[in-house]
Amino acid sequence: MAPIMEDTSSDFRTVEGIFAAEFGISGISLDDRKVIRSLCEIVAGRASRLAGALLAALVCKAAGSSAAAQGGPISVALSGVLFDTNVQLYENTVSTLELYLAQHSGATVDVHLQNRCADLFGAAVNAASL
């Protein structure tokens, strides 16, 4: 979805190219390409908000009576593998995480984005050390 969402050309040629290469569908009208791009944005936006809510629930569950329960700051490190390719996904996920933590525990969150080459273990170590 990311390449489709990143297609900012006036004729959305990337969308047509992806559908031709992946699905064998060619000759997609410009209006259809616009709809496909919009659908990808809607699905990605919803998925990233769900991810942010899930992260908030996990943080609250894991924190118990510590920082989250007391409204203190919480550090979260996210792997950049997905978020490096789509800034909108990152922003939606983080804003939802911050909103839910503030609403449900009063906690604030410091989010650290790991670069694409770092592994998940590195993200966990980073979160623990923030």
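Up top is the structure these notes are about.
K.L.:
Let's hear about the overall build of the protein chain: which residues, and what values?
P.N.:
Secondary structure assignment for the protein chain yields seven helices and two strands. Walking the protein chain from its N terminus toward its C terminus, one meets helices and strands in the order α-α-α-α-β-α-α-β-α. Sorting the 130 residues of the protein chain into buried and exposed places 33% on the buried side. When contacts within the protein chain are restricted to residue pairs at least 6 apart in sequence, long-range pairs at least 24 apart make up 62% of them. Summed over all atoms, the accessible surface of the protein chain reaches about 7600 Å², with 60% contributed by carbon and sulfur.

K.L.:
Tell me about the pattern of salt bridges, and please be specific about residues and values.
P.N.:
Following the criterion strictly, the structure yields four salt bridges and no others. Between arginine 13 and aspartate 11 there is a salt bridge whose closest N-O contact spans 3.1 Å. Classification of aspartate 11 as partly exposed rests on a relative accessible area of 27%. Ionic pairing is found between arginine 37 and glutamate 41, a salt bridge with its closest N-O pair at 2.9 Å. With arginine 37 and glutamate 41 both in helix α3 (residues 30–63) and four residues apart, this pair spans about one turn of that helix.

K.L.:
Residue-level account of helix α6 (residues 87–104), with values.
P.N.:
Over its 18 residues, α6 runs 26 Å from end to end, which matches the ideal 26 Å to within 8%, given 1.5 Å per residue. All of the buried residues along α6 are Leu89, Asn92, Thr93, Val94, Thr96, Leu97 and Leu101.

K.L.:
Can you explain the nonpolar core? Please cite residues and give values.
P.N.:
Counting residues in each nonpolar core, the largest one holds 21 residues, and the members touching the most others are Val76 and Leu101. Sorting the residues of this core by element identifies α1 (2–6), α2 (13–23), α3, β1 (73–78) and α6 as the ones contributing at least two each. In terms of residue count, the dominant contributor to this core is α3 (five residues). Every residue in contact with leucine 101, bar those within four places of it in the chain, is listed here: Ala56, Val59, Cys60, Ile74, Gly106, Ala107 and Val109.

K.L.:
Hey, could you go over a nonpolar patch on the surface for me, with residue numbers and the actual values?
P.N.:
On the surface, Val35, Leu39 and Ile42 cluster together into a nonpolar patch covering about 290 Å² of accessible area. Along the chain, the position of leucine 39 falls in helix α3.

K.L.:
Could you give an account of the environment of leucine 97, with specific residues and numbers?
P.N.:
Looking at the secondary structure, you find leucine 97 in helix α6. Discounting residues that sit within four places of it in the chain, leucine 97 has contacts with Gly52, Leu55, Ala56, Val76, Val109 and Val111.

K.L.:
With reference to specific residues and values, describe α3.
P.N.:
The terminal C-alpha atoms of α3 lie 49 Å apart, and with 34 residues this matches the ideal 50 Å at 1.5 Å per residue to within 8%. Listed as buried for α3 are Arg33, Ile36, Arg37, Cys40, Ala44, Gly45, Ser48, Gly52, Ala56, Val59 and Ala63.

Reading the values: rules and limits
- Residues numbered from 1 in each chain as written.
- Predicted model: local features only at pLDDT ≥ 70, side-chain atom pairs only at ≥ 80, totals over all residues.
- Heavy atoms only, no water.
- Helix = DSSP H or I, 4+ residues; strand = E, 2+ residues; numbered from the N terminus.
- Buried < 20%, exposed > 50% of the residue type's maximum accessible area, 1.4 Å probe, protein only.
- Contact = heavy atoms within 4.5 Å.
- Areas by Shrake-Rupley, 256 points an atom, 1.4 Å probe, with all protein chains shown as cover.
- Salt bridge = Lys/Arg side-chain N within 4 Å of Asp/Glu carboxyl O.
- Expected span 1.5 Å × (residues − 1).
- Core = buried A, V, L, I, M, F, W, Y, C linked by side-chain atoms within 4.5 Å.
- Patch = residues over 30% accessible without salt bridge, like charges linked within 9 Å, V, L, I, M, F, W, Y side chains within 5 Å.

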